[in-house]
2 protein chains.
Amino acid sequence: MPDQLLSTADQSMLDLAVQEAGKSLQEKGIPVGAALAHDGALLASGHNERIQSGDPIAHGEMSCLRNAGRRPSYRDTTLYTTLSPCPMCTGAILLFQIPRVVIGECETYAGDIGFLRSRGVEVLLAGDERCVSMMREFQRRHAEAWSEDIGGR
Amino acid sequence: MPDQLLSTADQSMLDLAVQEAGKSLQEKGIPVGAALAHDGALLASGHNERIQSGDPIAHGEMSCLRNAGRRPSYRDTTLYTTLSPCPMCTGAILLFQIPRVVIGECETYAGDIGFLRSRGVEVLLAGDERCVSMMREFQRRHAEAWSEDIGGR
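From a predicted model like this one, the values you see are computed outputs, not experimental measurements.

Trainee: Tell me about the nonpolar core, and name the residues and values.
Mentor: Proteins that are soluble and globular tend to have nonpolar side chains buried together. The biggest cluster of nonpolar side chains holds 70 residues, and the ones touching the most others in it are Met88(A) and Met88(B). Not counting residues within four places of it along the chain, the set of residues in contact with Met88(B) comprises Met62(A), Met88(A), Gly91(A), Ala92(A), Leu95(A), Phe96(A), Pro56(B), Ile57(B), His59(B) and Met62(B).

Trainee: Go over the interface of chain B and chain A with me, naming the residues and quoting the values.
Mentor: With 33 residues of chain B in contact, the opposing surface of chain A contributes 33 residues. Both sides together, the interface formed by chain B and chain A hides about 3,000 Å², and carbon and sulfur atoms give 59% of it. For Arg66(A), the salt bridge goes to Asp55(B), with nearest N and O atoms at 3.4 Å. Elements supplying a minimum of two residues to the side of chain B that touches chain A: helix H2 (50-53), helix H3 (60-68), helix H4 (87-95) and helix H7 (143-149) of chain B. For the side of chain B that touches chain A, the element with the most residues is H4(B), which contributes six residues.

Trainee: Any chance you could break down the pattern of salt bridges for me, citing the residues and the numbers?
Mentor: Residue and element names in this part refer to chain B. Under the definition given, this model contains 26 salt bridges over all chains. With its nearest N and O atoms 3.4 Å apart, the salt bridge here joins Glu122 to Arg100. With Glu122 in strand S5 (residues 122-125) and Arg100 in strand S4 (residues 100-105), this residue pair connects regions lying 22 residues apart in the sequence. Owing to a relative accessible area of 40%, Glu122 belongs among the partly exposed residues under this scheme.

Trainee: Let's hear about helix H3 (residues 60-68) of chain A: which residues, and what values?
Mentor: Note on helix geometry: an α-helix contains 3.6 residues per turn, so any two residues three or four positions apart are oriented the same way. Taking burial as the measure, the nine residues of H3(A) include seven buried ones, the bulk of the element. Taken together, the buried positions of H3(A) are occupied by Gly60(A), Glu61(A), Met62(A), Ser63(A), Cys64(A), Leu65(A) and Ala68(A). Looking at the buried side of H3(A), the elements it contacts are strand S1 (33-38), strand S2 (41-47), strand S3 (77-83) and helix H4 (87-95) of chain A together with H3 and H4 of chain B. At the exit of H3(A) stands Gly69(A), carrying a positive phi of roughly 75 degrees.

Trainee: Got a sec to walk through the relation of the copies chain B and chain A? Specific residues and values, please.
Mentor: Mapping chain B onto chain A calls for a rotation angle of 180 degrees and an axial translation of 0.0 Å; the resulting RMSD is 0.0 Å. Taken together, the rotation angle and the small translation identify this as a two-fold axis. Of all interface residues in chain B, 100% are interface residues in chain A too; the two copies therefore contact each other through one and the same surface.

Trainee: Provide a residue-level description of the pairing of strand S2 (residues 41-47) of chain B, including the pertinent values.
Mentor: Residues and elements named next belong to chain B. Inspection of the sheet shows strand S1 (residues 33-38) paired to S2 by six bridges, in the antiparallel sense. Counterpart to His38 in the pairing with S2 is Ala41. Hairpin connection between S1 and S2: a loop of two residues separates the two successive antiparallel strands, and Asp39 in this loop has a positive phi of roughly 50 degrees.

Trainee: Let's hear about the environment of Asp76(A): which residues, and what values?
Mentor: Residues and elements named next belong to chain A. Inspection of the secondary structure assignment puts Asp76 in the loop between H3 and S3. With 37 residues separating them in the primary sequence, Asp76 and Asp39 have C-alpha atoms 5.9 Å apart. Setting aside chain neighbours within four positions, we find Asp76 in contact with Ala37, His38, Asp39 and Pro99.

Trainee: Give a detailed account of the sheet that holds strand S3 (residues 77-83) of chain B, specifying residues and quantitative values.
Mentor: Residues and elements named next belong to chain B. Read across the open sheet, the five strands follow the order S2-S1-S3-S4-S5; overall the sheet is mixed. This sheet does not close on itself; its edge strands, each paired only once, are S2 and S5. Across the sheet, the mean angle from the axis of one strand to that of its neighbour is 15 degrees, orientation sign disregarded. Contacting S1, S2 and S3, H3 runs over the sheet at an angle of about 130 degrees to S2. Its contacts with the sheet place helix H6 (residues 129-141) against S3 and S4, and it is angled at close to 60 degrees to S4.

Rules and cut-offs
- Residues numbered from 1 in each chain as written.
- Chains lettered and ligands numbered in written order.
- Predicted model: local features only at pLDDT ≥ 70, side-chain atom pairs only at ≥ 80, totals over all residues.
- Heavy atoms only, no water.
- Core = buried A, V, L, I, M, F, W, Y, C linked by side-chain atoms within 4.5 Å.
- Buried < 20%, exposed > 50% of the residue type's maximum accessible area, 1.4 Å probe, protein only.
- Contact = heavy atoms within 4.5 Å.
- Buried area = accessible area lost by both parts, 1.4 Å probe.
- Salt bridge = Lys/Arg side-chain N within 4 Å of Asp/Glu carboxyl O.
- Helix = DSSP H or I, 4+ residues; strand = E, 2+ residues; numbered from the N terminus.
- Least-squares fit on C-alpha atoms with pLDDT ≥ 70 in both.
- Pairing = 2+ DSSP bridges.
- Axes fitted to C-alpha atoms, helices over the stretch in contact; angles between N-to-C directions.

Rendered as structure tokens:
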């Protein structure tokens with residue numbers, strides 16, 4: 001899947017998601033971050049909190065959606081995430097009918113971008129090396145915590 | 001889809017999920033409850049907290065999984081839920097590889113039980129009238145809150 005050039009607006013929102021991932025790493029957590037924007041304005045950001053809060057559902061995208069609070073509609077929103085969404089976060093995107101998702105990278109975890117697209121979600125893939133290197137380093141150092149975060153076995 | 005007779009063990013866990021739904025209703029919340037059991041022993045229960053906590057990701061199943069805390073594996077667990085899972089909760093079931101789901105009812109919200117089954121999840125559908133009546137009453141009285149909970153528009 002070729003990487004896509006982002007607009008300045010998309011890039012600055014993805015940068016916020018990357019900052020969230022870095023914040024999680026500083027807190028000794030899993031370095032996945034996310035941001036939600038509406039018509040180009042930031043609504044909320046968040047990061048994975050499995051380790052920090054002992055909360056297994058607090059993936060980066062989920063924490064971001066929680067931080068955004070209740071909304072009657074997600075029309076015209078874009079979700080930015082440093083890592084390709086897992087099945088839970090994919091399901092949340094579909095439930096809330098978020099029409100557009102910008103993904104930092106899908107090298108360290110593939111997710112199922114084809115499934116999102118097949119359901120009508122516009123997906124941009126940035127191929128962001130900052131996201132890749134944070135995740136690779138975490139996966140190398142904390143293989144068990146990472147495995148647990150994506151369902152274990 | 002025909003309703004299935006539950007074993008005594010499954011019925012008592014589903015009863016706990018129904019109690020959680022009732023607790024949410026008492027709190028003026030959305031009456032969906034869930035329980036997670038491992039080898040027949042209760043791990044955690046929970047209920048929808050969108051209204052109570054202003055948390056859009058806190059569906060019944062998600063609150064239950066959060067309350068269960070971190071687990072290295074969900075092998076041999078069963079998730080009990082009063083209502084057919086939405087795409088987000090379906091995704092969480094797949095992410096955590098929960099092998100078995102007992103559903104109270106799918107009349108007031110269909111979900112996609114066929115999709116769960118196609119991914120190898122064993123699904124039992126109880127056709128529980130208590131679950132149906134709580135949800136019908138809530139949907140009638142609070143149509144907007146219900147619409148918001150399942151993605152709005």
